[in-house]
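Per-entry structural report
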Amino acid sequence: MARTAADVLIETLLDWDVEVVFGLPGDGINGIMEALRTRQDRIRFVQVRHEESAAFMACGYAKFTGRLGVCLATSGPGGIHLLNGLYDAKLDGQPVLAITGLPYHDLIGTHTQQDVELDRLFMDVCKYNARVMGPSHVENVVDLACRTALTYHGVVHITIPVDVQEMKADKLRSKRNVPHHTSDVAARSARLPADEDLRRAAELLNAGGTVAILAGRGALGAGDELERVADLLAAPIVKALLGKAVVRDDSPYTTGAIGLLGTRPSQEALEACDTLLIVGTSFPYIEYYPKPGQASGVQIELDPMRIGLRYPVDVGLVGDSRRTLAALLPLLARKGDRAFLEKAQRGMKEWNALMDERAARRDVPMKPQVVAAELGRRLRDDAIVACDSGTITSWWARHIPARRRQLHSVSGNLASMACGLPYAIAAQLAYPDRQVVAFVGDGGLSMLMAELATCVRYRLPVKVVVIKNNTLGQIKWEQMVFLGNPEYGCDLQPIDFAMVAEACGATGLTVEDPAQCGKVLDRALGTAGPVVVQAVVDPFEPPLPPKITLEQAAKFAQALVRGEPNREKIALTVLRDRVREVV
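Residues numbered from 1 in each chain as written. Predicted model: local features only at pLDDT ≥ 70, side-chain atom pairs only at ≥ 80, totals over all residues. Heavy atoms only, no water.

When helices and strands are tallied, the chain shows 23 helices and 18 strands. For the chain, the C-alpha radius of gyration of 25 Å lies close to 25 Å, the compact-globule estimate for 583 residues. The principal-axis extent of the C-alpha atoms belonging to the chain is close to 80 × 60 × 45 Å. Relative to its full complement of 583 residues, the chain shows a buried share of 57%. Within the chain, contacts between residues at least 6 apart in sequence are counted, and of these 75% link residues at least 24 apart. Computed over 66 positive and 69 negative side-chain charges, the inter-centroid distance for the chain is 3 Å. (Helix = DSSP H or I, 4+ residues; strand = E, 2+ residues; numbered from the N terminus. Rg over C-alpha atoms; globule rule 2.2 N^0.38 Å. Buried < 20%, exposed > 50% of the residue type's maximum accessible area, 1.4 Å probe, protein only. Contact = heavy atoms within 4.5 Å. Lys, Arg positive; Asp, Glu negative; His and termini not counted. Charge placed at Lys NZ, Arg CZ, Asp CG, Glu CD.)

Quick look at the structure:
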């Protein structure tokens, strides 16, 4: 029996070692669904409850495995729903293939049902974007799409009319389209910079008096080399958010995260350094870098377009972070003056003591820091933690330490809400024997919480810890601290997430007392199957920046004066926190 175009599509994905496809069926992809059904012993289709989740899962799968993530959606609205998760993959440089359906090929552009030209819609998000023109076109475009996604670390898209999916694959071949002229062989470049550039970089780093290292997601897998460089250069390692797991958080060389949710020692290191080594990051907040001209710079980056994107570096090293650092190491001289690193280490000791003090509070309502710290102490060494975007990100960044074998991620440059649970599902599917935790806020979870049913359906033992404060906390504090406005439109109608979990067939637990938090988390982590822990916390606990500027303080005071509805409670909470910090 002759194969269909959809059969060729799935067979080609198998050639590229694709093992799982995340998606939701629809009449615009029925041919593809049939090809998946007949190969379900070789490739797994994971049904989601919303196509946005499918795209987030594909992105999370790519982040945690380094492999190609694949999502599938029907024509029209199904394909449209993918976009948010696909932009997450684009902005964080993850290899993701999106496959969508189109209406009948001879009705496209005639106002037929679901007549959305998805290839045009996806133009901005994709590095490669193709409409299949016939059954003999499929193999060519799928090979090129997979190669492009993996090589260029980005999103690719294939859309195929519903009737073409069922056409016989041996029909309608042009004379120049020789069968099987494409290849599924994955190729890599040397990924090493030129020797001359390595020498120039080493000379600059060796000449530096106070060297700081800024590392991000591109440095994942290069932690040992980074620590050796840090030791030689007496340089603290400052971590961009996506680089949380680059080196363990208790490494003597790291000062942790940078930015609004970072640490004071990280900010001080970048403010005081005269030389900056940037490794695998395009950390977007330019205001946290050294001022242009303050520091000499070396940047290691796989994508040459990103050299000098955030800081005017003197030397750009285009290559894989681990291999480039390994090539650079023999050229570096050990610095005798360790004062800059030692100051950062003293600063981190003080900072960690402050974080421990905040996490030890026994106030009721419970502080969110308590939940994060109690969870962090209980995670296995092989745990995978998927965080969501919002104030939740601050508690994750500061109070859940990354260990050497753990994996951590979040929606980085897109900073999208709702990514945490889909990421965790993808991680648990990829690593069924590892501990997987989604650390999320109530705002983000409520957007895609139907995926709790996905956890139940596929018997995924994902543990979801939801920080419940009944508010869009990050937006509330931004309105006050950055704009000087009273909060508006941020309160959330409360949801009992434990009851939602039970309704979906999972286990639901609630904790409000900080004295019981550890015990409830022990129970959750020890319970088979998916579990939701609803942690009810103080909605007035602010995610304080590492340093509060005069402008931020003035804006905050202005917001209180202009009619902030919770000004007394907020002012009292902030005052207590600042007093504790000073004392």
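To continue, consider the environment of R562. Tracing the chain through its elements places R562 in the loop between α22 (550-561) and α23 (567-582). You can call R562 partly exposed: its relative accessible area is 48%. For the pair R562 and R403, spaced 159 residues apart in the sequence, the C-alpha separation amounts to 44 Å. Residue contacts for R562: discarding those within four places in its chain leaves G484, N485 and P486.

For the structure on display, the rule yields 6 aromatic pairs. Among the aromatic residues, those joined into a ring-pair cluster are F283, Y285, Y288 and Y289. The ring of W396 has K244 lying over it, and the distance from NZ or CZ to the ring centre is 5.4 Å. Over the ring of Y431 we find R434, and its NZ or CZ is 5.1 Å from the ring centre. (Phe/Tyr/Trp six-rings, centres within 6.5 Å; stacked < 30°, edge-to-face > 60°. Lys NZ or Arg CZ within 6 Å of the ring centre and 35° of its normal.)

Glancing now at the sheet that holds strand β4 (residues 96-102). Spatial strand order, β2-β1-β3-β4-β6-β5: 6 strands in an open sheet with parallel pairing. Two strands in the sheet have a free side with no partner beyond their single neighbour: β2 (44-47) and β5 (128-131). Recorded for the sheet is a direction-independent mean angle of 20° between the axes of neighbouring strands. Note that strand β1 (residues 20-23) and strand β3 (residues 69-73) share 2 bridges and pair parallel. Bridge pairing links G23 to L72 in β3. (Pairing = 2+ DSSP bridges. Axes fitted to C-alpha atoms, helices over the stretch in contact; angles between N-to-C directions.)

Right, let's talk about the layout of surface pockets for a bit. Counted as a void, the second largest pocket has a volume near 450 Å³. For the lining of the second largest pocket, the secondary-structure elements that each account for two or more residues are β9 (254-257), α13 (339-359), α14 (368-378) and α15 (391-399). By residue class, the composition of the lining of the second largest pocket is 10 nonpolar, 6 polar and 9 charged. (1 Å grid on protein atoms, 1.4 Å probe; cavity = no way out; pocket = protein on both sides within 12 Å on 5 of 7 lines; lining within 4 Å. Points joined across faces, edges and corners; volume = space filled by probe spheres on them. Nonpolar A, V, L, I, M, F, W, Y, C, P; charged D, E, K, R; others polar.)

Here the focus is the sheet that holds strand β8 (residues 237-239). The pairing of strands in a sheet comes from backbone hydrogen bonds and takes either a parallel or an antiparallel form. Read from one edge of the open sheet, 6 strands run β9-β8-β7-β10-β11-β12, paired in parallel fashion. Every interior strand has two partners, whereas the edge strands, β9 and β12 (315-318), have only one. Adjacent strand axes in the sheet meet at a mean angle of 15°, parallel and antiparallel pairs treated alike. Direction of pairing for strand β7 (residues 211-215) relative to strand β10 (residues 275-279): parallel, over a ladder of 5 bridges. Counted as the bridge partner of I213 is L277 from β10. On top of the sheet, helix α11 (residues 264-272) reaches β7, β8, β9 and β10; it is set at about 110° to β9, its chief contact.

Our focus in this paragraph is the nonpolar core. Among the nonpolar cores identified, the biggest contains 56 residues, and F22, C71, L82, L86, V96, F122 and V464 are the most heavily contacted of them. Here this core gets 9 residues from one element, more than from any other, and that element is helix α3 (residues 51-65). Discounting chain neighbours no more than four positions away, the residues touching C71 are F22, A54, A55, A58, L82, L86, V96, L97, A98 and I99. Of all hydrophobic cores here, the second largest spans 36 residues; its members include I32, I99, Y128 and A145. (Core = buried A, V, L, I, M, F, W, Y, C linked by side-chain atoms within 4.5 Å.)

This part takes up unusual backbone geometry. Following V364, the chain continues into P365 via a peptide bond in cis, with omega recorded as 5°. Relative to the helices and strands, P365 is located in the loop between α13 and α14. Phi is positive for R459, close to 55°, though the residue is something other than glycine. Along the chain, the position of R459 falls in the loop between α18 (451-457) and β16 (463-468).

Assignment of secondary structure puts A372 in helix α14. The exposure class assigned to A372 is buried, which follows from its relative accessible area of 0%. Residues A372 and I392, 20 residues apart in the sequence, show an inter-C-alpha distance of 9.1 Å.

This part takes up helix α16 (residues 420-430). Extensive coverage of α16 is indicated by the burial of 10 of its 11 residues. Burial in α16 covers these residues: G420, L421, P422, Y423, A424, I425, A426, A427, Q428 and L429.

Right, let's get into a nonpolar patch on the surface. Together, L260, F482 and L483 make up an exposed nonpolar region whose accessible area comes to about 250 Å². Mapped onto the fold, F482 is located in the loop between α19 (473-481) and α20 (497-504). (Patch = residues over 30% accessible without salt bridge, like charges linked within 9 Å, V, L, I, M, F, W, Y side chains within 5 Å. Areas by Shrake-Rupley, 256 points an atom, 1.4 Å probe, with all protein chains shown as cover. Salt bridge = Lys/Arg side-chain N within 4 Å of Asp/Glu carboxyl O.)

Let us look at the packing of α3 against α16. Across the interface, α3 lies against α16 with an axial gap of 7 Å and an inter-helix angle of 50°. The orientation of α3 with respect to α16, classified from their angle, is oblique. The handedness of the crossing between α3 and α16 comes out as right-handed. Seen from α3, the contacting residues are S53, F56, M57, C59, G60, Y61, K63, F64 and T65; seen from α16, they are P422, Y423, I425, A426, A427 and A430. (Parallel < 35°, antiparallel > 145°, perpendicular 65-115°, else oblique. Left-handed = near helix turned anticlockwise from the far one by under 90°.)

Residues in a regular strand project their side chains so that they alternate between the two faces of the sheet. The alternating pattern of strand β13 (residues 384-387) places I384 and A386 on one face and V385 and C387 on the opposite face, and all of these are buried. Pairing analysis gives 3 bridges linking β13 to strand β14 (residues 407-409), with the strands arranged parallel. The residue bridging V385 from the neighbouring strand is H408, located in β14. Where β13 lies against strand β15 (residues 436-441), 4 bridges are found, and the strand directions are parallel. Among the inter-strand pairings, A386 is bridged to a residue of β15, identified as A438.

Once that is clear, we can look at the side chain of H408. Note that H408 resides in strand β14. A relative accessible area of 7% means that H408 is categorised as buried. Engagement of the side chain of H408 in a polar contact is seen with the side chain of W396, the distance being 3.1 Å. In this structure the side chain of H408 is engaged in a polar contact, spanning 3.0 Å, whose partner is the side chain of Q406. With near-sequence residues (within four places) excluded, H408 lies in contact with F64, K244, A245, V385, W396, I400, P401 and A402. (Polar contact = N/O pair within 3.5 Å; in protein donor to acceptor, adjacent residues only side chain to side chain.)

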